[in-house]
Number of protein chains: 2
Amino acid sequence: MNEIITVEQKVLKKNDETAAELKARFDNAGVFVVNLMSSPGSGKTSLLEKTLKIVSPALSVGVIEGDIQTNLDAERIAQYNIPVTQIITNGTCHLEAKMIDEAINKMQLKNLDILFIENVGNLVCPSSYYLGEHARVVIMSTTEGEDKPLKYPAMFLKSCVLLLNKIDLLPYLKFNIETAKKFALKINPDLKIFETSCYNNHGILEWCEWLTNELKLKRCKARLPT
Amino acid sequence: MNEIITVEQKVLKKNDETAAELKARFDNAGVFVVNLMSSPGSGKTSLLEKTLKIVSPALSVGVIEGDIQTNLDAERIAQYNIPVTQIITNGTCHLEAKMIDEAINKMQLKNLDILFIENVGNLVCPSSYYLGEHARVVIMSTTEGEDKPLKYPAMFLKSCVLLLNKIDLLPYLKFNIETAKKFALKINPDLKIFETSCYNNHGILEWCEWLTNELKLKRCKARLPT
């Protein structure tokens, strides 16, 4: 087993190094990079579509789609006339920094305000792989049960935003949203939580406002002497 | 990268060997072993609770719960007076045969008719790790979107049953159940599909009937000369 652990550590260390290089490139280009992560089917792509509708007229946005198979999500995003690059991981259960490194070679980073990376649908493995992003956003849907933050703590601990999605379904579920929030904040008291729905657009504006505020803040900070 | 692939192959090969030994022990004990797999929050534990209510009075059932953190699911199952063993993987995103090997040392296999293994909530990695089970059951909920079989094909290809769960929510979703079935059968034409709901019990009896029929069939076959 030691052999495996050593190789895993090597892989993560190499990934962190590549991610640090990516971060420097992102900062240099002045692009704000957001890594979207969740279980399969929590609504990552739908939330991204709603977000693009609101922020993309005013801001220049790019998208990297990560999937194990298929480019279905990239096709959905391309309809918004957004530059989108598909990474097909061929079985790998998460995105890695070197995959992002290859993907951004096809993109004009300097032209972008925000780059969204939609990770592979997986509440476990993507949390270990830093991609040079400025913010991690975890999406959890009301249909998944309140206990997910306790059962998958790493994902919630390393995120700065939790989008509690599909809240339109609350009337039809035995889901206690206050308990879910309590569990999420128990793992990470600094988590900013938005309740969202892609059916009735609840919370989408607030989430987009957070995004644009973060972008502004990042740019103001970049003007300070280092 | 070759070093990593080699170690991965070694790990999977060793896992397969341990799984084959487990399979022999399961067969020798006459226990039918079912590996339940899905995304986080698809309803694995709720379906298991419903199943126990129906099959456990007549059959002797045991449960192994796999979780990254917490023993919340094991606590839920223990309420049914069912022998339950919790495996906490401490970050590992799937169950492995050696974990099952340790867990069953605490169980009286010969006294069991069915052993359920509830895998870690993850639609990717658990599909690569054979646990000596006789049947894999994948659960997908209507809230996850129709495209999951195409996006996570390995899980659907290696399962023999698909439980399409949370069908009570269909009136509130833009989910086309026929499209979901078509995609699942495109990946695996041999998949047996049940539509289920833990809210109104739809399909639970039919799924339990399948289970008991499989158990009987397995026992009949075991009486044949080898």
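The following refers to the structure shown. (Residues numbered from 1 in each chain as written. Chains lettered and ligands numbered in written order. Predicted model: local features only at pLDDT ≥ 70, side-chain atom pairs only at ≥ 80, totals over all residues. Heavy atoms only, no water.)

### A short note on the overall build of chain A
At step 1: When you go through chain A residue by residue, the secondary structure sums to eight helices and seven strands.
At step 2: In summary, chain A has a C-alpha radius of gyration of 17 Å against a globular reference of 17 Å for 226 residues, a match within 12%.
At step 3: With the principal axes as the frame, chain A shows a C-alpha extent of 50 × 45 × 40 Å.
At step 4: Within chain A, the fraction of its 226 residues that count as buried is 58%.
At step 5: Distance between charge centres in chain A, computed from 27 positive and 27 negative side chains, equals 3 Å. (Helix = DSSP H or I, 4+ residues; strand = E, 2+ residues; numbered from the N terminus. Rg over C-alpha atoms; globule rule 2.2 N^0.38 Å. Buried < 20%, exposed > 50% of the residue type's maximum accessible area, 1.4 Å probe, protein only. Lys, Arg positive; Asp, Glu negative; His and termini not counted. Charge placed at Lys NZ, Arg CZ, Asp CG, Glu CD.)

### Re the packing of helix α2 (residues 44-55) of chain A against helix α8 (residues 204-222) of chain A
Residues and elements named next belong to chain A.
At step 1: For the pair α2 and α8, interaxial distance at closest approach is 10 Å and the crossing angle is 65 degrees. Classified by the angle between their axes, α2 and α8 sit roughly perpendicular to one another. Between α2 and α8 lies a crossing of right-handed hand. Side by side, α2 and α8 meet where Leu-47, Lys-50, Thr-51, Ile-54 and Val-55 of the first sit next to Ile-204, Leu-205, Trp-207, Cys-208, Leu-211 and Thr-212 of the second.
At step 2: For the contact of α2 with α8, the class distribution of residues is eight nonpolar, two polar and one charged. (Axes fitted to C-alpha atoms, helices over the stretch in contact; angles between N-to-C directions. Parallel < 35°, antiparallel > 145°, perpendicular 65-115°, else oblique. Left-handed = near helix turned anticlockwise from the far one by under 90°. Contact = heavy atoms within 4.5 Å. Nonpolar A, V, L, I, M, F, W, Y, C, P; charged D, E, K, R; others polar.)

### A look at the packing of aromatic side chains
At step 1: Tallied over the entire structure, the rule returns three aromatic pairs over all chains.
At step 2: On the basis of an interplanar angle of 15 degrees and a centroid distance of 5.9 Å, the ring pair of Trp-207 of chain A and Trp-210 of chain A is categorised as stacked. With Trp-207 of chain A and Trp-210 of chain A both in helix α8, this residue pair falls three residues apart, about one helical turn.
At step 3: The class of Trp-207 of chain A is buried, set by a relative accessible area of 1%.
At step 4: Of note, Lys-174 of chain A hangs over the ring of Tyr-199 of chain B, and the distance from its end group to the ring centre comes to 4.6 Å. (Phe/Tyr/Trp six-rings, centres within 6.5 Å; stacked < 30°, edge-to-face > 60°. Lys NZ or Arg CZ within 6 Å of the ring centre and 35° of its normal.)

### Side note on the nonpolar core
At step 1: Counting residues in hydrophobic clusters, the biggest one holds 44 residues, and the most contacted among them are Phe-156 and Leu-162 of chain A together with Leu-162 of chain B.
At step 2: Every element with two or more residues in this core is listed here: β5 (135-141), α6 (153-157), β6 (161-165) and α7 (177-187) of chain A together with β5 (135-141), α6 (153-157), β6 (161-165) and α7 (177-187) of chain B.
At step 3: Apart from residues lying up to four places away in sequence, Leu-162 of chain B is in contact with Val-138, Met-140, Phe-156, Ala-184, Leu-191, Lys-192, Ile-193 and Phe-194 of chain B. (Core = buried A, V, L, I, M, F, W, Y, C linked by side-chain atoms within 4.5 Å.)

### Let's talk about the interface of chain A and chain B
At step 1: Taken together, the 38 residues of chain A in the interface contact 38 residues of chain B.
At step 2: Carbon and sulfur atoms make up 64% of the surface buried where chain A meets chain B, a total of about 3,200 Å² over both sides.
At step 3: Linking chain A to chain B there are four salt bridges.
At step 4: We note a salt bridge from Asp-73 of chain A to Lys-151 of chain B, for which the minimum N-O separation is 2.6 Å.
At step 5: There are eleven residue pairs in polar contact (both at pLDDT 80 or more) connecting chain A and chain B.
At step 6: Where the side of chain A that touches chain B is concerned, the elements lending two or more residues are α1 (2-29), α3 (72-78) and α5 (148-151) of chain A. (Buried area = accessible area lost by both parts, 1.4 Å probe. Salt bridge = Lys/Arg side-chain N within 4 Å of Asp/Glu carboxyl O. Polar contact = N/O pair within 3.5 Å; in protein donor to acceptor, adjacent residues only side chain to side chain.)

### Section: α2 of chain A
At step 1: Taking 1.5 Å of rise per residue, twelve residues should cover 16 Å, and α2 of chain A covers 16 Å from first to last C-alpha, within 8% of that figure.
At step 2: Of all the twelve residues making up α2 of chain A, nine are buried; the element is thus mostly covered by neighbouring parts of the structure. (Expected span 1.5 Å × (residues − 1).)

### So, α7 of chain A
Residues and elements named next belong to chain A.
At step 1: Turning to α7, its buried residues number three or more, namely Ile-177, Ala-180, Lys-181, Phe-183 and Ala-184. The buried residues of α7 all sit within an arc of 160 degrees when viewed along its axis, so they share a single face. In α7, the exposed positions angled more than 90 degrees off the buried face are occupied by Lys-182 and Lys-186.
At step 2: Those residues of α7 that are buried are in contact with β5, α5, α6, β6 and β7 (192-195).
At step 3: Sitting at the amino-terminal end of α7 is Asn-176, which places a side-chain oxygen 3.0 Å from the backbone nitrogen of Glu-178. (Arc of directions from axis to C-beta.)

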